[in-house]
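# Overview (structure and organization)
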Amino acid sequence: MTSQHRDSVERLLSEWGRERPDLNPSPVAIQGRIVRLSAHLLRQTESYLADLGLGWEAFSLIVTLRRSGKPYQLRPTDILRESLLTSGAVTNRIDRVEKMGFSYFRLIRNTKCKGIFKFKQILKSDMNSQTFYQKFPYPLFPKPIDWAKPLLHEIQNPKRILHAGCATGSQTKSLAYTFPEAEIIGIDFSNTSVDLAKQLLTDPKLKNTKFFVHDLTEPIVEKYGQFDFIVSYGVLHHIERVNNAMQNLRAALKDEQSPFLIFVYGAYGRATIARIQQACKLIIDSSSLTEEELRALLYSTSTKIGTFDGLRGFVKKIIINLSQKMRLGWESSMADALINPYVMYYTLDSIQDLLARNNFRFGNFIHRAQSKAVGFPQHIDEFLLKNKIPMNENVSNNIKMKVCDLLSAPKEYEFICYRSN
Ligand SMILES: C[S@@+](CC[C@H](N)C(=O)[O-])C[C@H]1O[C@@H](n2cnc3c(N)ncnc32)[C@H](O)[C@@H]1O
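An account of the accompanying structure is given in this report. All residue numbers here refer to positions counted from 1 along the written sequence of the relevant chain. Note on the predicted model: pLDDT of at least 70 is required for a residue's local features to be given, and 80 or more for side-chain atom pairs to be given and counted; whole-chain, interface and lining totals, by contrast, use all residues. Only hydrogens and water are set aside; all other atoms, that is, all heavy atoms of the structure, feed into the side-chain values.

The subject of this paragraph is the overall build of the protein. Comment: elements are numbered from the N terminus, with helices defined as DSSP H or I runs of at least four residues and strands as E runs of at least two. Per the secondary structure count, the protein includes 18 helices and 9 strands. Working definition: with a 1.4 Å probe on protein chains only, accessible area under 20% of the residue-type maximum means buried, over 50% means exposed, and in between means partly exposed. Looking at the 421 residues of the protein, the share that counts as buried comes to 43%. Whether two residues are in contact is decided by their heavy atoms, any of which lying within 4.5 Å being enough. Considering only contacts within the protein whose residues lie at least 6 apart along the sequence, 75% involve residues at least 24 apart. Accessible areas in this description were obtained via Shrake-Rupley with a 1.4 Å probe; residue shielding takes into account the shown protein chains only. Accessible surface computed for the protein: about 23000 Å², of which carbon and sulfur atoms make up 54%.

A word on the environment of Lys-149. In this structure, Lys-149 sits in the loop between helix 7 (129-135) and strand 3 (160-164). With relative accessibility at 48%, the residue Lys-149 sits in the partly exposed group. Expressed as a C-alpha distance, the spacing of Lys-149 and Ser-174, which sit 25 residues apart in the sequence, is 8.2 Å.

What follows concerns the site of the ligand. Distances are taken per atom, and a residue is near a molecule or strand as soon as one of its heavy atoms is within 4 Å of it. Residues in close proximity to the ligand total 17 residues, the closest being Gln-171, Asp-188, Asp-215, Leu-216 and Tyr-233. Polar contacts, as counted here, are pairs of nitrogen or oxygen atoms within 3.5 Å of one another; within protein the pair requires one atom able to donate a hydrogen and one able to accept it, and residues that are adjacent in sequence qualify only if both atoms are side-chain atoms. One of the backbone N or O atoms of Leu-216 is found 2.9 Å from a nitrogen atom in the ligand. Interatomic distance of 2.8 Å between a backbone N/O atom of Tyr-233 and a nitrogen atom of the ligand. Gly is placed with the polar residues, together with every amino acid not listed as nonpolar (Ala, Val, Leu, Ile, Met, Phe, Trp, Tyr, Cys and Pro) or charged (Asp, Glu, Lys and Arg). When grouped by side-chain class, the residues that make up the shell around the ligand number 8 nonpolar, 6 polar and 3 charged.

Bringing the pattern of salt bridges into the picture now. For salt bridges, the criterion is a side-chain nitrogen of Lys or Arg within 4 Å of an Asp or Glu carboxyl oxygen. Taken as a whole and assessed by the stated rule, the structure comprises 11 salt bridges. The partner of Arg-18 in a salt bridge is Glu-19, and the shortest N-O contact between them spans 3.2 Å. Residue Glu-19 is classed as exposed on the basis of its relative accessible area of 53%. Its salt-bridge partner being Lys-400, residue Asp-381 comes within 3.2 Å of it at the nearest N-O pair. In this pair, Asp-381 is assigned in helix 17 (residues 380-386) and Lys-400 in helix 18 (residues 397-408), connecting sequence segments 19 residues apart. Through salt bridges that share partners, Asp-7, Glu-10 and Arg-33 make up one connected network.

A separate point is the side chain of Ser-193. Note that Ser-193 resides in helix 9 (residues 191-198). Judged by relative accessible area, Ser-193 falls into the buried class, the value being 2%. Those residues in contact with Ser-193 that lie beyond four places of it in its chain are Tyr-133, Pro-137, Tyr-138, Ala-167 and Thr-168.

As a further point, take the nonpolar core. Soluble globular proteins tend to bury their nonpolar side chains together. Residue types Ala, Val, Leu, Ile, Met, Phe, Trp, Tyr and Cys, when buried and joined through side-chain atoms within 4.5 Å, form a set referred to as a nonpolar core. In terms of nonpolar packing, the biggest core is built from 38 residues, with Leu-162, Ile-230, Leu-236, Met-246, Phe-260 and Phe-415 touching the most fellow members. What Phe-260 contacts, discounting residues up to four positions off in sequence, is Ile-230, Ser-232, Leu-236, Met-246, Leu-249, Leu-253, Phe-360, Phe-415, Ile-416 and Cys-417. Listed in part, the 23 residues of the second largest apolar core include Trp-147, Leu-200, Tyr-233 and Tyr-265.

A few words on the pairing of strand 7 (residues 260-265). Counting buried residues along strand 7, 6 of its 6 residues qualify, which places the element largely inside the surrounding structure. Each pair of strands is called paired provided DSSP finds at least two bridges between the two strands. Note that strand 6 (residues 229-233) and strand 7 share 4 bridges and pair parallel. The partner of Tyr-233 across the bridge, within strand 7, is Phe-263. Looking down the strands as they point away from the viewer, one classifies a crossover as right-handed if the path from the first strand across the helix to the second runs clockwise. On the question of chirality, the crossover connecting strand 6 to the parallel strand 7 by way of helix 11 (residues 242-252) is right-handed. Note that strand 7 and strand 9 (residues 412-419) share 6 bridges and pair antiparallel. What sits directly across from Phe-263, in strand 9, is Glu-414.

Peptide bonds are, in most cases, trans, and in most cases residues other than glycine have a negative phi. With a phi close to 50°, Ala-167 is a non-glycine residue in the positive phi region. If you trace the backbone, Ala-167 turns up in the loop between strand 3 and helix 8 (170-178). Phi is positive for Asn-359, which is not a glycine, with a value near 65°. With relative accessibility at 38%, the residue Asn-359 sits in the partly exposed group.

Right under this line is the structure:
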């Protein structure tokens, strides 16, 4: 090689010879040239692939899948073994290639776990209830259209109904079918939910229904007037400033005979679920489990926690079962179960306290077929008798109710209340 044709490795060797004649740099002659050749080949290949709309990483992933043979399926861990990359880099690469739309190949991966990792990021950011419900609109259960039918016992011909916390509108639709003459206003502070709810308005039976974005902790009556029936189902337990909401709703009730339907979660019946949720939050947030390990933990642990079948039961019962029934799928239901920023669990005592503080009087519990097993017992005396609970004749109804509450441990309370003077 003349000095004119010396390559950079040759120069590097002669420099070492001059500076440190005691060292033998000859291995670099081979290694250095391999590295340079590889970079050169990669550049050439990339410029060739660029014309085909591909990068090296996409190309190598595709050929790995292709040479695996039919049905061209690999798990990310298999790809990891072949690629000398970190698992994060492989995941990013898979994401990018998938976005390019190479649907011919299928990467087998557990989207639920992918979701958990996404949630991990979300958990770390400061998310309040509103941003949460904007990101994860409450899923629309395919609720039977007659969901609102039992409410016909509470009020016959309401002129105006407020659905406070209407989410994506499934209950509002049922209200519209059940009370076809009533004007119905659905409000929710999640605009993504309200947008989805508005899609239901093409149904002619919802001709008297309107949806608005509104926060219940802001005054209601000035904007929407008064109502002779208010429904707030599964909402108040997610509101931190619940007294503000109760005051606004109270002012929106037409008079002392106007029923207000409330549904809230029960502290006793949901104690285990609440513990599992908190544990899940902490595990997701503070562990450095790999995707595989987390999947294994969530799906296979059978640790009994109380009477509950541990995380596995939780995932199966709450996440998987629910997500199959929901229009918006697993992501929202998983989010609702795992990362809802605020949930308050009620007891009969704290319900009575909430009502008294805000000038309401308790009316009656609502008993639906499905709530028999999970709600407040329908017949108090029957419950006490069946469970052989001794009580004196003159014991007040309130004490009996408290005993029922403690022993039956309702998962939920659905009841009617009225504003008092
Ligand atoms: C668990 S979802 C229940 C939705 C619906 N009632 C149902 O049961 O199908 C709770 C809903 O309450 C809404 N929400 C929570 N806090 C609210 C607030 N302060 N103002 C208005 N809506 C609120 C959420 O956006 C969410 O759509």
